[in-house]
Amino acid sequence: NQIDVGSELGWLSKDDIRAFYKVNDDYVQIQVVDYNSYSGVLTMSDDDYNGKEIHIGAVINCLVELLPPEVSQSPMSSKDSKISIQRVTASLYKTLSITINGVEKSLNRFIDNPLGAKKLRTGDVVISEHGWRDLVDFELSIEHNYPSPLHLQSVVMKIEVNSK
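So, how was this worked out
Counting of residues starts from 1 at the beginning of each chain's written sequence and follows it residue by residue. Only residues with pLDDT of 70 or above have their local features reported here, since the model is predicted, and side-chain atom pairs are shown and tallied only from 80 upward, although totals for entire chains, interfaces and linings are computed over all residues. Only hydrogens and water are removed before side-chain values are computed, so all heavy atoms of the structure are retained for them. Under the DSSP-based scheme used, a helix requires at least four consecutive residues in state H or I and a strand at least two consecutive residues in state E, with every element numbered from the N terminus. Relative accessibility under 20% of the residue-type maximum defines a buried residue, over 50% an exposed one, and the middle range a partly exposed one, all with a 1.4 Å probe and only protein chains included. Any two residues whose heavy atoms approach within 4.5 Å are treated as being in contact. What sets the accessible areas is the Shrake-Rupley method with a 1.4 Å probe; for residues, cover comes only from the shown protein chains. Each residue carries a pLDDT value, the predictor's own confidence for that position, ranging from 0 to 100. A pair of strands is treated as paired once DSSP finds two or more bridges between them. By nonpolar core is meant a set of buried Ala, Val, Leu, Ile, Met, Phe, Trp, Tyr and Cys residues that side-chain atoms within 4.5 Å join together. Fitting a line to C-alpha atoms yields each axis, with helices limited to the stretch in contact; the angle taken between N-to-C directions then spans 0 to 180 degrees. For patch detection, residues must exceed 30% relative accessible area and be free of salt bridges, and they are connected within 9 Å for like charges or within 5 Å for nonpolar side chains (Val, Leu, Ile, Met, Phe, Trp, Tyr). Salt bridge, as applied in this entry: a Lys or Arg side-chain nitrogen positioned within 4 Å of an Asp or Glu carboxyl oxygen. All tallies of charge rest on Lys and Arg as positive and Asp and Glu as negative; His and the ends of each chain are not included. Taken as the charge location is NZ of Lys, CZ of Arg, CG of Asp or CD of Glu.

### Brief notes about the overall build of the protein chain
Here comes step 1: Along its length, the protein chain carries zero helices and 15 strands.
Here comes step 2: The buried share among the 164 residues of the protein chain stands at 33%.
Here comes step 3: A fraction of 76% describes how many contacts in the protein chain between residues 6 or more apart in sequence connect residues 24 or more apart.
Here comes step 4: Carbon together with sulfur atoms contributes 47% to the accessible area of the protein chain, which is approximately 10600 Å² in total.

Put into structure tokens, the structure is as follows:
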């Protein structure tokens, strides 16, 4: 199946393009096989898309890197402390998927078909990290690379602090 998208996506490679069609409120991702930037023709996997509205777009690369938490009242006074991150909870609103510290977190529920349509999810994603580390070594990055927006409403951390 080929679609002429013209020059709208001209400078992108096939890895930078995502295609979806909508079934009810769910999105089904279509595999992009090839994209010819000169002719503007996008080739997709061999399925029947007749009568379906196909959404094609460039990947939106979002990256959120959190600063280390300041746990005391005086600025920078806890810089030499050791922390243990017990739990991090990210609240999302209508988001397809996220990657945390390079690991993709599935937003599917147990009852969902893993090979079926990807659903926009609203809810919490829990990230657990254990072990003590220096506060200056704290790293937490949240990435999103779909043609839909990242709606990150909050990030809440439960941490323990040891001053030595």
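Continuing now.
### Quick look at the confidence of the model for the protein chain
Here comes step 1: On average, residues of the protein chain carry a pLDDT of 77, and 84% of them reach 70 or more.
Here comes step 2: Element-level pLDDT for the protein chain is lowest in strand S11 (residues 118-119), with a mean of 70, against a maximum mean of 87 in strand S7 (residues 60-65).

### Topic: unusual backbone geometry
Here comes step 1: Its identity is not glycine, yet Lys94 carries a phi of approximately 45 degrees, on the positive side.
Here comes step 2: Examined against the element boundaries, Lys94 turns out to sit in strand S8 (residues 82-95).
Here comes step 3: Given a relative accessible area of 43%, Lys94 falls into the partly exposed group.

### Quick look at the pairing of strand S14 (residues 141-146)
Along any regular strand, the residues point their side chains to alternate faces of the sheet.
Here comes step 1: In this sheet, S14 lies alongside S7 in antiparallel orientation, the contact comprising six bridges. Across the sheet, the residue bridging to Ile60 is Tyr146, located in S14.

### Observations regarding the nonpolar core
Here comes step 1: Grouped together as the largest cluster of nonpolar side chains are 14 residues, with contacts concentrated most on Leu92, Ile98, Ile100 and Val125.
Here comes step 2: Membership of the second largest hydrophobic core comes to 12 residues, among which are Ile17, Val32, Leu42 and Tyr49.

### Description of the sheet that holds strand S9 (residues 98-100)
Here comes step 1: Strand order in the open sheet formed by four strands is S7-S14-S9-S10, with antiparallel pairing between adjacent strands. Because the sheet does not close on itself, it has two edges, and the strands there are S7 and strand S10 (103-105). Pairwise comparison of adjacent strand axes, ignoring direction, gives a mean angle of 25 degrees for this sheet.

### Some words on the pairing of S8
Here comes step 1: Pairing between S8 and strand S13 (residues 132-134): three bridges, direction antiparallel. Following the sheet pairing, Ser84 is matched in S13 by Trp132.
Here comes step 2: Here S8 runs beside strand S15 (residues 152-162); their pairing, made up of 10 bridges, is antiparallel. Across the sheet, residue Arg87 finds its bridge partner in S15, namely Lys158.
Here comes step 3: Pairing between S8 and strand S12 (residues 121-127): six bridges, direction antiparallel. When the bridges of S12 are listed, Ser91 appears paired with Asp124.

### Quick word on the environment of Asn1
Here comes step 1: Here Asn1 is to be found in the segment before strand S1 (2-4).
Here comes step 2: Separated by 32 residues in sequence, Asn1 and Val33 place their C-alpha atoms 9.7 Å apart.

### A few points about the environment of Pro68
Here comes step 1: Considering the arrangement of structural elements, one finds Pro68 in the loop between S7 and S8.
Here comes step 2: Residue classification places Pro68 among the partly exposed residues on the basis of a relative accessible area of 37%.
Here comes step 3: For the pair Pro68 and Glu139, spaced 71 residues apart in sequence, the C-alpha to C-alpha distance is 7.3 Å.

### Re a negative patch on the surface
Here comes step 1: A cluster of acidic residues, Glu65, Asp137, Glu139 and Glu143, forms a negative patch on the protein surface.
Here comes step 2: Turning to its location among the elements, Glu143 is positioned in strand S14.
Here comes step 3: Note on Glu143: relative accessible area 34%, which makes it partly exposed.

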